Amino acid sequence: MSMEKVEVKTLDGITLRGNLSLAKTRGPAIILGLGARFPDLDIEISTVSKKCFTPLIAIQFKQNGITALVYDLRSLGESDGLPRNEFDPAKLAEDYSDALTFISTCSVVNPSQIGFWGMSFNGAIALAAAVLDSRARFVIACCPWASYFAKDRISQLYTAAVKDRVSRLRGNEPSRVPVWTEKRSPVFGVPDSEGRKAYQLVLAAMRSAPRYDNHVALATPYLDHEFTAPVMVLVPELDEVSPPEQQLKLFDQIKGPKASLHLAKGRNHLGLLTARQAVKALRINTRPAAVTAASRPAVANTFFRGLSSTVPRANDDKSKAAKDPILAATNKAPEGVLDTEGRFARVDESLQIEYPDDENMPRSPIVQGRGGMHFKRTLAQFSLENKVTLVTGGARGLGLVMAQAIVASGSDLAIVDLNKAEAEEQAQKLVEQFRKENPGLEQMPNVTAHYADVSDPNSVNDALSDIISKHGKIDNLVTSAGFTENFDAISYPHDRLQKLWGVNVDGTYLFATGVAKHLMERKVPGSIVMIGSMSGAIVNVPQPQAPYNAAKAAVRQLAASFAVEWAGHDIRVNCISPGYMLTALTRKILDENPELRDKWISLIPTGKMGTPEDLMGPVTFLLSDASKYMTGADIRVDGGYTLT
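Residues numbered from 1 in each chain as written. Predicted model: local features only at pLDDT ≥ 70, side-chain atom pairs only at ≥ 80, totals over all residues. Heavy atoms only, no water.

Some points on the overall build of the protein chain
No. 1: When helices and strands are tallied, the protein chain shows 17 helices and 17 strands.
No. 2: Looking at the protein chain as a whole, 53% of its 644 residues are labelled buried.
No. 3: Taking as baseline every contact in the protein chain between residues at least 6 positions apart, the subset at least 24 positions apart corresponds to 74%.
No. 4: Summed over its atoms, the accessible surface of the protein chain is roughly 29,500 Å², and 52% of this surface lies on carbon and sulfur atoms. (Helix = DSSP H or I, 4+ residues; strand = E, 2+ residues; numbered from the N terminus. Buried < 20%, exposed > 50% of the residue type's maximum accessible area, 1.4 Å probe, protein only. Contact = heavy atoms within 4.5 Å. Areas by Shrake-Rupley, 256 points an atom, 1.4 Å probe, with all protein chains shown as cover.)

Digging into the nonpolar core
No. 1: Ranked by size, the top nonpolar core spans 38 residues in total, and within it I31, L69, Y71, Y96, I103 and F116 carry the most contacts.
No. 2: If you tally residues by element for this core, the top one is helix α2 (residues 89–103), at seven residues.
No. 3: If sequence neighbours within four positions are ignored, I31 has contacts with L69, Y71, Y96, A99, L100, I103, I114, G115, F116 and W117.
No. 4: By size, the runner-up hydrophobic cluster in this structure holds 36 residues, among which are V505, V515, I528 and I571. (Core = buried A, V, L, I, M, F, W, Y, C linked by side-chain atoms within 4.5 Å.)

What about the sheet that holds strand β16 (residues 571–578)?
What links the strands of a sheet is backbone hydrogen bonding, and the strands pair in either a parallel or an antiparallel sense.
No. 1: Ordered in space as β13-β12-β11-β14-β15-β16-β17, the seven strands form an open sheet in which the pairing is parallel. Either end of the sheet is taken by a strand with one partner, and the two such strands are β13 (447–451) and β17 (634–637). Adjacent strand axes in the sheet meet at a mean angle of 20 degrees when their direction is disregarded.
No. 2: Sheet topology note: the strand β12 (residues 412–417)/β13 ladder contains five bridges and is parallel. Its bridge partner lying in β13, I415 is registered against A449.
No. 3: Those strands touched by helix α11 (residues 420–437) are β12 and β13, and its axis lies near 170 degrees from that of β13. (Pairing = 2+ DSSP bridges. Axes fitted to C-alpha atoms, helices over the stretch in contact; angles between N-to-C directions.)

A word on the environment of Y71
No. 1: With respect to the element layout, Y71 can be found in strand β4 (residues 67–71).
No. 2: Residue classification places Y71 among the buried residues on the basis of a relative accessible area of 2%.
No. 3: C-alpha of Y71 to C-alpha of L20: the two residues are 51 residues apart in sequence and 8.5 Å apart in space.

Description of α2
No. 1: Counted at 1.5 Å a residue, the expected span for α2 with its 15 residues is 21 Å, and the 21 Å between its end C-alpha atoms agrees.
No. 2: In terms of burial, α2 is a largely internal element, twelve of the 15 residues being buried.
No. 3: Within the sequence span of α2, burial applies to P89, L92, A93, D95, Y96, S97, D98, A99, L100, T101, F102 and I103.
No. 4: Contacts from the buried residues of α2 go to β1 (4–9), β2 (15–21), β3 (27–32), β4, β5 (109–119) and α3 (121–132). (Expected span 1.5 Å × (residues − 1).)

A few points about the sheet that holds β5
No. 1: The strand order across the open sheet formed by eight strands is β1-β2-β4-β3-β5-β6-β9-β10, and the pairing between neighbours is mixed. Strands with a single pairing partner mark the edges of an open sheet, and in this sheet they are β1 and β10 (260–264). Mean inter-strand twist for the sheet, computed between neighbouring axes without regard to direction, equals 25 degrees.
No. 2: As paired elements, β5 and strand β6 (residues 139–142) share four bridges and run parallel to each other. Within β6, the residue paired with W117 across the bridge is I140.

Quick notes on the side chain of T448
No. 1: The residue T448 is located in strand β13 in this model.
No. 2: When its relative accessible area of 11% is taken as the criterion, T448 is described as buried.
No. 3: Polar side-chain contacts of T448 include one of 2.7 Å to the side chain of H450.
No. 4: Leaving out residues up to four positions away in the same chain, T448 has contacts with L413, A414, I415, A427, K470 and H471. (Polar contact = N/O pair within 3.5 Å; in protein donor to acceptor, adjacent residues only side chain to side chain.)

Quick look at the pairing of strand β11 (residues 388–392)
No. 1: Summarising burial for β11: five of the five residues are buried, a large majority.
No. 2: Residues V388, L390 and T392 line one face of β11 and the alternating positions T389 and V391 line the opposite face, and both faces are buried.
No. 3: In the sheet, β11 pairs with β12 via five bridges, with the strands oriented parallel. Opposite V388, over in β12, you have D412 as the bridge partner.
No. 4: The handedness of the β11 to β12 crossover, carried by helix α10 (residues 397–408), is right-handed. (Right-handed = clockwise from strand over helix to strand, strands pointing away.)

Section: the pattern of salt bridges
No. 1: The final tally for this structure, using the stated rule, is 16 salt bridges.
No. 2: Between D80 and R17 there is a salt bridge whose closest N-O contact spans 2.7 Å. Pair noted here: D80 is in the loop between β4 and α2 and R17 is in strand β2, with a separation of 63 residues, a long-range link.
No. 3: By relative accessible area, which is 30% here, D80 ends up partly exposed.
No. 4: Across the pair K470 and D466 runs a salt bridge whose closest N-O atoms are separated by 2.8 Å. (Salt bridge = Lys/Arg side-chain N within 4 Å of Asp/Glu carboxyl O.)

Structural data, given as C-alpha cells:
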C-alpha cells in the first residue's frame, strides 16, 4: 500500500500521526476518521486503529483519483494527546478541520474539493466537523453512531464523568474504564453478542499490537448543528450497535443539503466495511466528478488555521512561519519549515538508469489498425505519396511508430538502425500490416532496412549510398535515433557521455547534412524532422540527465540553424519535442522504478503520459505539404508538461 507517513499539528499543539495516499493527479481529497476501536487484523499497519478497513478504503479513493489521509485519533495509537484513550467529540471534530488545513497544502490536492469520511462513532464526528469547518465540501458518514452510550447506564456514566472531571482538576489521574469485556461493554450500548465479537478482536489486537489499549476515558458526545456540506450516509441493514432506524432518523434530522442515503443490505455494524469486504462493499461512486458535483460556491473569509507538519523550534521566525502556511512558503521562512520544500522540483542524484544493451532492449510491436484506406475526408496536402522517407532509429520505439505513419500516408520507407536484423524484421511486418489494412491494393510500399552507426561519418555515408541505390532518391528525413541515461553529472561515465552525444547530436547532424546535400544536388525541395525532447527546454525531475538535456537542446538549435541556412534551397527543417512517452523501453524502466510514474504524471497537466501513436500525426504533418510554410518550428507533444 503506497502510503506516506505524515504528522499533522493541531491548533492546540497535539501531533496527529497517520498515512497519506496521494492520488496520481491534482484533484479532490478526503480525510478518513476511524470508528470506536473495532480492530480488524487483516491489514498490517503500524497501529491497531489504522489496522481497520480504513487503509483499504483510502486505497480505493486513491485509485479513483482522490487523495486520502488516514490518521490515529488524538490520544490513540501513534497520535499524541492526554489523557490517553479519551474520546472528546469537540476536539475530534476540530482535528478534522486541522487535518483539512494540512492536506490542502499538498500539491496534488484542490483545496476547494476536500471532504470528511467517518464510520460508527467517528461518522457522527465527521458530520459535526463539517458544521465546524465550512471548507468541507462533502461528508460520507458510515453507520454513524450518534447515541453510543449504553442507555441503561447513561445516568451513571454521566455522573461518573462529572466526578472524574472534578478529580482531574484536583490533580488526580483520569478515570478509565474497559471498552470491551468478555460479557459486554461497560460503556457502549452494544448487544452482548456484538460486544463478545468485539472483545475477541480486542484480544487478538492486544497480542499483535502493543500500543492498543482496551480502555477509554469518559467524554460527552454532541451533535446538534446545521449542515452546509452535502452528506452521504451508509446504513447497515442489520446494525445492532447503532439501530438502522436511529441512523435514518439522524439523516432525516440533518438540516441542510442531503446528498444520498445508502442502505447496505445484509450487513451489520462490524461487517459494513471490514478489511476483506471493503472494496466490494464500497461500490458508491468515489470518482472526482461525483465529489465536485456536490460542491458549493466558495465562502468568503473562510476560517483558516496555520499548520506545520514539522516539530517547532525556538526560533521566532520559524514559529511564525509554522503558524502561517502562506509565510512558510516564502523565503522569509527558515529552511525546513515545510517538508515539501522543493520536493517535486529537485533531482534525485541516487537514481541511476543505464541504457540497456541490444540483447536486453525490449521489442516494439507494430501498431494495429492505424493506417490504410478510410472514408473520412482530409486534406490531400497530408499525403506523402511518391516520396521516399528515411527514418533513423526506425526499428523500435518512437521511430518505428512514426515509420508506420509515414508508410500509411503513402511514402516509401528506408529504416536505418544499428540492429539491421531487427530493422529487416520490422520492415517486413510494416508491409504485412499495410497489406492487411489495404485489402485488394496491388502496389505495396517499398520498405527497406539499412545498417548505420549514426555517430560514424563513414557509416552514415555508406547507409545513404545504399538507400539511394535501392530507392533512387531521398525526399524526407526523420532523425529518431537517440537514447537517454540517468547518472548525476559528477558521476556520469565519460565514455557513455561521449556515446550519448555521438548518437543524439552527431547522428542528427551527419544524417541531416547528408540528406540536405543530396537534395541540393537534385535541386528539389525536402523536409527534415528532427526528434528532440521537451528535455531540451526544461530540466526533468527527479531523474538526473544533464548530458541528455544538453544534447536535445543542441538538436533543437540545430533544427533552427539548418532551417535558416537551407531555406533558400527549399529545404524545411522542423523539430518535434516529445514529453514522456510510454514506449517499450519506458515501460521497462517504470517496471523497475515504479515510483517514477507517479512523479512524472503528477507534473503533466493532462495527467497522462503519451504513447508513440501520439507522434504519428505531427510527423506526417511536418513531412507533408500541409506544413509547407513552416520551418524552424519546435512542436512539443508533452501533454502540457512544459507549460507549468
